[in-house]
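Descriptive analysis of the structure
These are the residues of each chain, in order.
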Amino acid sequence: MACCGCFEMSEERQGRLTHEAIEEKLRWEKKQACRELKLLILGTGEAGKSTFIRQMQIIHGNGFTATERLKYIQMIHQNVFTAMQGLIKEMEQLNIPYDSAENKHRRSKFEHPQYYAHLVRDYDENVLTDPYLSALKILWSDLGIQNCCARGRDYHLPESAKHYLNDLDRLADGNYVPTDEDILLVRWPTNGIREYSFRADGLHYRMIDVGGQRTERRKWIHCFECVTSIIFISAISEFGQKLKESEDVSRIDESKSLFWMLISLHWFKDASIILFLNKIDLFEKRVLSENFAEYFPDYTGPLRNAEAARDFMLQKILPPNEEQKMKIYWHFTNATNTKNIKVVFAAVRHAVLEKTIKDCPMF
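A brief structural summary. Everything quoted here is computed from the prediction, not taken from an experiment.

A separate point is the packing of aromatic side chains. By the definition in use, this model includes 22 aromatic pairs. Between tyrosine 115 and tyrosine 116 the ring centres are 5.1 Å apart and the planes differ by 75°, which places this aromatic pair in the edge-to-face class. A relative accessible area of 33% means that tyrosine 115 is categorised as partly exposed. Between tyrosine 196 and phenylalanine 198 the ring centres are 6.0 Å apart and the planes differ by 35°, which places this aromatic pair in the tilted class. For phenylalanine 198, a relative accessible area of 5% puts it in the buried group. Aromatic rings pair up to connect Phe239, Phe283, Phe292, Tyr295, Phe296, Tyr299 and Phe312 into one cluster. A cation over a ring is seen here: arginine 286 above tyrosine 295, with NZ or CZ 5.4 Å from the ring centre. One residue, arginine 310, lies across the ring of phenylalanine 332, its end atom 4.9 Å from the ring centre.

In this section: the environment of alanine 235. Within the secondary structure layout, alanine 235 lies in strand β4 (residues 229–235). Looking at alanine 235, the relative accessible area reads 4%, which means it is buried. With 48 residues separating them along the chain, alanine 235 and phenylalanine 283 place their C-alpha atoms 8.6 Å apart. If near-sequence neighbours (up to four positions away) are discounted, alanine 235 is found in contact with Glu46, Ala47, Ile252, Asn278 and Lys279.

A separate point is the side chain of aspartate 182. Considering the arrangement of structural elements, one finds aspartate 182 in helix α9 (residues 180–184). Taking relative accessible area as the criterion, aspartate 182 reaches 0% and is therefore assigned buried. Within the structure, aspartate 182 has its side chain in polar contact with the side chain of arginine 170 (distance 2.8 Å). Here aspartate 182 is in contact with Ile76, His163, Tyr164, Arg170, Leu171 and Tyr176, once residues within four sequence places are set aside.

Moving on to the environment of alanine 161. For alanine 161, the position within the fold is in helix α7 (residues 160–165). Judged by its relative accessible area of 1%, alanine 161 is buried. Note: C-alpha distance between alanine 161 and glycine 86 (75 residues apart in sequence) is 9.8 Å.

Moving on, we get to helix α2 (residues 49–60). The end-to-end C-alpha distance of α2, which contains twelve residues, comes to 16 Å, matching closely the 16 Å that a straight helix rising 1.5 Å per residue would cover. Taking burial as the measure, the twelve residues of α2 include eleven buried ones, the bulk of the element. Here α2 has its buried residues at Lys49, Ser50, Thr51, Phe52, Ile53, Arg54, Gln55, Met56, Gln57, Ile58 and His60.

So, on to the sheet that holds strand β6 (residues 328–332). Through backbone hydrogen bonds, the strands of a sheet pair up, either in parallel or in antiparallel fashion. Spatial ordering of the open sheet is given by β2-β3-β1-β4-β5-β6, a layout of six strands whose pairing is mixed. In this open sheet, the two edge strands, each paired with only one partner strand, are β2 (193–200) and β6. Geometrically, the sheet is characterised by an average inter-axis angle of 20° between neighbouring strands, direction not taken into account. Across eight bridges, β2 lies against strand β3 (residues 203–210) in antiparallel orientation. Paired with glutamate 195 across the strands is isoleucine 208, a residue of β3. In the packing of helix α13 (residues 306–317) onto the sheet, the strands contacted are β4, β5 (272–278) and β6, and the crossing angle to β5 comes to about 140°.

Time to look at the pairing of β5. In terms of burial, β5 is largely enclosed, as seven of its seven residues are buried. By the alternation rule, side chains of β5 split into Ser272, Ile274, Phe276 and Asn278 and Ile273, Leu275 and Leu277, which are all buried. After leaving β4, the chain enters helix α10 (residues 251–263) and then returns to the sheet as β5, a path that is right-handed. Pairing of β5 with β6 involves five bridges; the strand directions are parallel. In the strand pairing of β6, leucine 275 is matched with tryptophan 330.

Rules and cut-offs
Residues numbered from 1 in each chain as written. Predicted model: local features only at pLDDT ≥ 70, side-chain atom pairs only at ≥ 80, totals over all residues. Heavy atoms only, no water. Phe/Tyr/Trp six-rings, centres within 6.5 Å; stacked < 30°, edge-to-face > 60°. Buried < 20%, exposed > 50% of the residue type's maximum accessible area, 1.4 Å probe, protein only. Lys NZ or Arg CZ within 6 Å of the ring centre and 35° of its normal. Helix = DSSP H or I, 4+ residues; strand = E, 2+ residues; numbered from the N terminus. Contact = heavy atoms within 4.5 Å. Polar contact = N/O pair within 3.5 Å; in protein donor to acceptor, adjacent residues only side chain to side chain. Expected span 1.5 Å × (residues − 1). Pairing = 2+ DSSP bridges. Axes fitted to C-alpha atoms, helices over the stretch in contact; angles between N-to-C directions. Right-handed = clockwise from strand over helix to strand, strands pointing away.

Written out as structure tokens, the structure reads:
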């Protein structure tokens, strides 16, 4: 017959072993949680968030499969028509006449650029074939359209417009396969929430991309829990341009207000904050060719000086020192340049890893 004391010791030992097993499991789960990093990619519409995610697929994934590349063809063709339709609209808004050198030799109204402008403007499909392909070529060769394109800074012409319209025959070829550059330049609004994951440094990175348009921002809150880092992307080349959703609001002011609001939320008090001042290549081109002070009366630096204008924009978007409650890491970026993003994200990983080690001693 077993003694009562032996039974109690056995029960106590079993309870201790169970407790230790639970503690070990909790330590393992916490360690695994420390190795999963959730990066939230935020910013206004068309700032370059989706482009950045695609760069991660190129740099840390296996790039784009043949099937994935083919899926981009329809988006690229739509971007072509959207770009030309935007140019046609702005020709009217800016009162720029069509000015083809061949106009004087055209006898029929059906041979004039205005005819092709009506044809393309009312087209709502994405098939890059005749008669629309020929219409696009005639319009793109028109001097008036080229003049309108040169004034793209006045109305937010997508940076992909020239790239696509200069290469219509390649894009329309039946065997066309989009290149990495073609894909990186695609503009397609993000609806809902998209996620891209990859492993690096022995860690699991989860990147969450959500739409930046005002109508999409109500969905952001669903992604706010357990965020390791926020990467906020601001397109600084958009100075002087207005929002599509509200034509009386500056795109730069909208981006700055949104950034300031986000970093003040309690959800992100423990998250690392990373600011990308994006489209730096386009920004510098504009600064070197325009009067920067006309857009910012408080700018007192030298004109046509990219470095001075760049520093001004950084200070404009960052909150004042007295309002900064956390450290903000910032980088000037060109999201369509893979080499630039590779270097920048290496610095981002270092900052995120440093904070992870600090917050998770068991890491």
